[in-house]
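# Analysis of the macromolecular model
The lines below spell out each chain.
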Amino acid sequence: MTTKKPADVARIPQLALSLAPHRGVPTKPLRIMIMGIPNVGKSTLMNALLKKRVAKVGDEPAVTKTQQKLYLDKHTVLVDTPGLMWPKIEMDSDGMMLAASHAIGTNALIEEEVAFFLGDLLLERYPQLLTARYGFKTDGMDGIAVVENVASRRGFRVRGGEYDIEKAAHVLLHDYRTGALGRISLETPETRAVRIAAHEVEMAEKARIAAEKAAAKAEEAARGKRGT
Ligand SMILES: Nc1nc2c(ncn2[C@@H]2O[C@H](COP(=O)(O)OP(=O)(O)OP(=O)(O)O)[C@@H](O)[C@H]2O)c(=O)[nH]1
Ligand SMILES: [Mg+2]
């Protein structure tokens, strides 16, 4: 659904009530809590349900700082909440994907790294969308080259003639986030399974190296004690 279609939004209270049919009376109002990761449109949904601008919205993560509770009608309470994030993000690629889709904030430096990551991912999954949007052929490119080519095609240069990578990175991310590049899924269950398998191999290798180091240290300590 989209909050841009009022008819979609209008179906929500009834659907929520069907999940808790014993509520929805003045003594026991139906309580609807809007939850999700940052910057996915929770507050926009709150405003759309109430048909007025009660919650601050914006295309930035962490716009909402505290819970806000308001009555939709006598029998229904709505609660908007700040975005939730996992306590620990195990895989770097997950952090990158969350940053690319703007659930995590980026500063100028990391924004470039995120754009390089997105460039690599788009090359793998949607090279034709890059060609359609920016007009360059993607053969033999990597993520950095994608951003450089965006700079080249759009004429983004800094003083001295170098490509303005910061600006090109921003444009690539913006075009992805606004849908200007097209409809994009950063991953599928299959690509996720591949990433998880690779991550597990990497973790096992790290554990093996750490165990080897610990064993070598213990051996050294034992040798020291024996005086050999
Ligand atoms: N295309 C589209 N954009 C939406 C939709 N809902 C919200 N947005 C946009 O998404 C951005 C984030 O909206 P918010 O409502 O502030 O998101 P939030 O989940 O409350 O964000 P936090 O409070 O930061 O966690 C805004 O730029 C909205 O205009 C939608 O259904 N479709
Ligand atoms: Mg919000």
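Residues numbered from 1 in each chain as written. Chains lettered and ligands numbered in written order. Predicted model: local features only at pLDDT ≥ 70, side-chain atom pairs only at ≥ 80, totals over all residues.

## What to know about the domain arrangement of the protein
- Structurally, the protein comprises domain 1 (6-80), domain 2 (92-178) and domain 3 (189-228).
- Once you take the C-alpha centre of each, domain 1 and domain 3 turn out to be 48 Å apart. (Domains from an automatic or database assignment.)

## Thoughts on the sheet that holds strand 3 (residues 76-80)
- What the three strands build is an open sheet, ordered 1-3-2; its pairing is mixed. Each end of this open sheet is capped by a strand with a single partner; those strands are strand 1 (30-34) and strand 2 (68-73). Across this sheet, the average inter-strand angle for adjacent strands is 25°, counted without regard to direction.
- In the sheet, strand 2 pairs with strand 3 via five bridges, with the strands oriented antiparallel. When the bridges of strand 3 are listed, Leu70 appears paired with Leu78.
- Sheet contacts for helix 3 (residues 42-50): strand 1, strand 2 and strand 3; angle to strand 3, the most-contacted strand, approximately 155°. (Pairing = 2+ DSSP bridges. Helix = DSSP H or I, 4+ residues; strand = E, 2+ residues; numbered from the N terminus. Axes fitted to C-alpha atoms, helices over the stretch in contact; angles between N-to-C directions. Contact = placed C-beta atoms within 7 Å.)

## Considerations on the site of ligand 1
- If you check the shell around ligand 1, you find 19 residues, and the closest are Gly41, Ser43, Thr44, Thr64 and Gly83.
- Tallied by class, residues from the shell around ligand 1 come to seven nonpolar, nine polar and three charged. (Near = placed C-beta within 6 Å. Nonpolar A, V, L, I, M, F, W, Y, C, P; charged D, E, K, R; others polar.)

## Let's talk about the pairing of strand 3
- As paired strands, strand 1 and strand 3 are joined by five bridges and run parallel to one another. Within strand 3, the residue paired with Met33 across the bridge is Val79.
- Count of turn residues in the strand 2/strand 3 antiparallel hairpin: two residues.

## What to know about unusual backbone geometry
- Within the chain, Ala62 stands out as a residue other than glycine whose phi angle is a positive 65°.
- Relative to the helices and strands, Ala62 resides in the loop between helix 3 and strand 2.
- The residue His102 is not glycine, and still its phi comes out positive at about 70°.
- Structurally, His102 can be placed in the loop between helix 4 (92-100) and helix 5 (108-125).

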